[in-house]
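Coordinate analysis (summary)
Now for the letters of each chain:
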Amino acid sequence: MQSILVYLQNSIFGQDRTFFIYSLLLSTSIAIIIWYFSLAYIKCVFKRWIRILCRKIVLDPKSRKSDRDSFVSFYRKFLCHQQKVNNELLRTILQKNCSCRFFLDRSITFESFSFSVTKQEQTLVDEFRDKVPLSTYDDYHHYIGRMVDNGEKNLICSEKIIYYPMSTGTTGTNKILPMTSHFLKSAMMLSSVASSVIWRSLPTSFPSSEQRWFLLQGGKKREMFAKSKDNICIGQVSQTLSAVPSNPIRRILTSAYHVIGLDLIENITDFETNTFVQLVFALMVPDIYSYSIIFAPAFVHTIKMIEIYFEEMCLCISSTDFDHSSLVCKNINDMKFRRKLNQTLNEVSLEYGGLTYCVKRAEFIRKQCHKINLPGILHRLWPKLVFATTALGGSFATYKEEIQFYCGEKLPLINQLLYSASEGCFGILASIHTDEYILSPASAFYEFIKEQDIHQEQPRTYLISEIEPGNRYELVCTTQEGLVRYRMGDIVICTRFYSHTNDLVSLPSELTNTSRIPLVSIAYRLGSILDIFGEKTTEQHVMYALKETIYQWRNQKLLVDLCDFTSYPKLDVFPPRYVIFLELTDEKQQQQQKDKDRTLKNFQDLADSEIEQQLCKANNMYQYIREAGKLSPLTCILVRNGTFSNFHQQKIMNDQISAVQIKPRRLLKNEEHIQFFYDNQTNISSS
């Protein structure tokens, strides 16, 4: 025994000391490596636990169908007495803002403020409409300019301005509008209500707390925003959360749903790269329950990106390394940030099994993406997907058929959950089957101008309790942000009143008195109609003519579809005429170019006369003006494949407008934009 101890002593302190030291170093290194990877796993598990806890305790109970969910509470509190709530909101707005410079410059005061509350409700609305004229953006441009350039306060509203959202300028120039905290509170409240509408309609599909949703987010670092004199950010509505500092609790609650944090997105300035990264994170997660893109063009764009870049995406997923992305390598030069992206992607992968899972998931995605022209790619990539959502009404209707193809028959395609704009957040979807909205009486005070009166400067207006189904109206709003009887330019149609029908969101059986709650659908934007001699040709008229014409062509075995279109009134010819630029997609992609040119020549010969004929059917006033000889027959110009995509990227997207916010330009007003389409017309002269 003594000899053994002597041997060990000699081994440790004698001739074998070097061996012992190396063994100790090796053991320590192994322990550190194990600790490091265990720490990453523990960190991942902890984040997941926090996310699930937030969902289970705070967020999901408000959305899950019950007699106390967000929609039922919203109905009881606001919708049951819609006009009364709306009148009370008007009183609150005017009491806050009537001392602002906008009212003082117009010498407007309200005698009914001195009346009792009951009498105020009866007289204030009439006094308000009598004393305050309808307004447009031109009435606020000077005040907002002073707010932005000089930092002046209390010009149009008394509340603190937290952000200046900028409109996309779809029907004219970009508009800068003020935003207060009321806007954000209203948006958050209505988002919760809209979510409740979906789960009341799909109660058996309610997601588990482990599932996430994919929402294509927009964001950038706060220092990259343009600023007002008093350091308030100016930018897109979609970037509000980046521009407005939010408390950590709100960020944690928001991150409980998203597949990637906003802090990472804000560091990627290139839109294509940003979208690529977000899609990789979404594809890494096998069980997202919602695929949500605000506007339809961006929705289509994300699918195209998956189709084009799926090989690179699969390599990024299988290795949890974005160095396999050509876009990332080209546009993200900060290696430290790249490592952070990789680390975050790895943390997501650990939730589902680590490297082994990543390899299997990448192979699954690759297999699905190789199934070209097979419908339902979204449902195939994410089998547990419950619904997809994007804007489908008004100008976006032309994209619905293509997006439905990507969804397939099993996946519900739902209209955008909120009716919102730079001016405010106004309503929630009324149905997962239609594009109808319920206006929120707590968000803005509403008035409506009948469509036949919209060209008058100060027409009569109707209250929300006075509009009737089947009629179209221009929406007028008064907001807490200081817009007063503001003409939105949105033409909405009152479709029907809310009722207990199968295609609308349901109510508990005891709530039977639905009163007169009008549902509205967006028809078109006021500045997006062709109107030379009072014919008022809307986007819907042109869309009908194009779809009917293409339907006839397909019956004649001319297998094309409408990709996109735009138009402008050509006034330098006599009589003037409409010019419509068309991009068509040909189902026979592999046909010889000579045959393709011959087909295009046939379409060009047919288009002018047949679309003209269908437009006369769609719009009787256009037919009348044509027969009177005031307008020449319209001209259709076919443009090359990819023209509209290039137009959005080259002419519309800039530092102020990203692809997330791009809306269809149905009426061209810019000479440079018009020339762009002429420069891209299909060359059929040799056919």
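One structure accompanies this document, and this report is about it. (Residues numbered from 1 in each chain as written. Predicted model: local features only at pLDDT ≥ 70, side-chain atom pairs only at ≥ 80, totals over all residues. Heavy atoms only, no water.)

**A few points about the pairing of strand 8 (residues 418–421)**
Looking along a regular strand, one sees the side chains alternate between the two faces of the sheet. The sheet contact formed by strand 8 and strand 9 (residues 424–429) spans four bridges and is antiparallel. Each bridged residue has a counterpart across the sheet, and for Ala421 the counterpart in strand 9 is Gly424. Remark: two residues form the turn of the hairpin made by strand 8 and strand 9, two consecutive strands paired antiparallel. (Pairing = 2+ DSSP bridges. Helix = DSSP H or I, 4+ residues; strand = E, 2+ residues; numbered from the N terminus.)

**Let's talk about the packing of helix 13 (residues 296–319) against helix 16 (residues 355–369)**
Contact pair helix 13 / helix 16: the axes reach a minimum separation of 8 Å and the direction vectors enclose 165°. With respect to their mutual orientation, helix 13 and helix 16 come out roughly antiparallel. Judged by the sense of rotation from one axis to the other, the crossing of helix 13 with helix 16 is left-handed. Two secondary-structure elements touch here, helix 13 through Ile306, Phe310, Glu311, Cys314, Leu315, Ile317 and Ser318 and helix 16 through Leu355, Cys358, Val359, Arg361, Ala362, Ile365, Arg366 and Cys369. In terms of residue class, the contact of helix 13 with helix 16 is built from eleven nonpolar, one polar and three charged. (Axes fitted to C-alpha atoms, helices over the stretch in contact; angles between N-to-C directions. Parallel < 35°, antiparallel > 145°, perpendicular 65-115°, else oblique. Left-handed = near helix turned anticlockwise from the far one by under 90°. Contact = heavy atoms within 4.5 Å. Nonpolar A, V, L, I, M, F, W, Y, C, P; charged D, E, K, R; others polar.)

**Things to note about the pairing of strand 16 (residues 577–586)**
The buried fraction of strand 16 amounts to eight of the ten residues, a majority that puts the element mostly inside the structure. In this structure, strand 16 lies alongside strand 17 (residues 635–638), joined through four bridges in parallel fashion. Bridge pairing in strand 17 links Val579 to Thr635. (Buried < 20%, exposed > 50% of the residue type's maximum accessible area, 1.4 Å probe, protein only.)

**Quick word on the environment of Glu152**
Mapping Glu152 onto the fold places it in the loop between helix 7 (138–150) and strand 1 (164–165). Sequence separation between Glu152 and Asp230 is 78 residues, and the spatial gap between their C-alpha atoms is 8.5 Å. Filtering out sequence-adjacent residues up to four positions away, Glu152 remains in contact with Arg146 and Met147. Polar side-chain contacts of Glu152 include one of 2.9 Å to the side chain of Arg146. (Polar contact = N/O pair within 3.5 Å; in protein donor to acceptor, adjacent residues only side chain to side chain.)

**A look at the sheet that holds strand 17**
Here three strands make up an open sheet; going across it, the order is 15-16-17 and the pairing mixed. Only two strands of the sheet have a single partner each, and these edge strands are strand 15 (560–570) and strand 17. Direction aside, neighbouring strands of the sheet carry axes that sit 25° apart on average. Of the strands in this sheet, strand 15 and strand 16 touch helix 19 (residues 539–555), which is tilted by about 140° from strand 15.

**Brief notes about the sheet that holds strand 10 (residues 437–439)**
Spatial ordering of the open sheet is given by 8-9-10-14-13-12-11, a layout of seven strands whose pairing is antiparallel. Taken across any chain shown, the strands that pair with only one partner, and hence form the sheet edges, are strand 8 and strand 11 (445–450). Strand-to-strand twist in this sheet, taken as the mean axis angle between neighbours without regard to direction, amounts to 45°. Bridge analysis of strand 10 against strand 14 (residues 518–525) gives two bridges, and the strand direction is antiparallel. Each bridged residue has a counterpart across the sheet, and for Tyr437 the counterpart in strand 14 is Val520. Relative to strand 11, helix 4 (residues 82–97) is tilted by about 110°, and along the sheet it contacts strand 10, strand 11, strand 12 (472–478) and strand 14. Packed onto the sheet, helix 8 (residues 181–201) meets strand 8 and strand 9 and runs at close to 5° relative to strand 9.

**Details of the packing of helix 22 (residues 643–652) against helix 23 (residues 671–679)**
In contact at an axis separation of 11 Å, helix 22 and helix 23 are set at 150° when each is read in the N-to-C sense. Between helix 22 and helix 23, the interaxial angle falls into the category roughly antiparallel. When you trace helix 22 past helix 23, the crossing you get is right-handed. On the side of helix 22, the interface is formed by Thr643, Phe644, Asn646, Phe647, Gln650, Lys651 and Ile652, while helix 23 contributes Glu672, His673, Phe676 and Phe677.

**Observations concerning the side chain of Arg361**
As for its placement among the helices and strands, Arg361 is situated in helix 16. Within the buried set, Arg361 has no salt-bridge partner at all; the shortest N-O distance to an opposite charge, 8.1 Å, is to Asp287. When sequence neighbours within four positions are dropped, the list of residues in contact with Arg361 reads Leu283, Met284, Val285, Pro286, Ile317, Leu381 and Trp382. (Lys, Arg positive; Asp, Glu negative; His and termini not counted. Salt bridge = Lys/Arg side-chain N within 4 Å of Asp/Glu carboxyl O.)

**Here we look at the state of the cysteines**
Taken as a whole and assessed by the stated rule, the structure comprises zero disulfides. The cysteine Cys157 is free of any disulfide, with Cys100 supplying the nearest cysteine sulfur at 6.2 Å. (Disulfide = S-S within 2.5 Å.)

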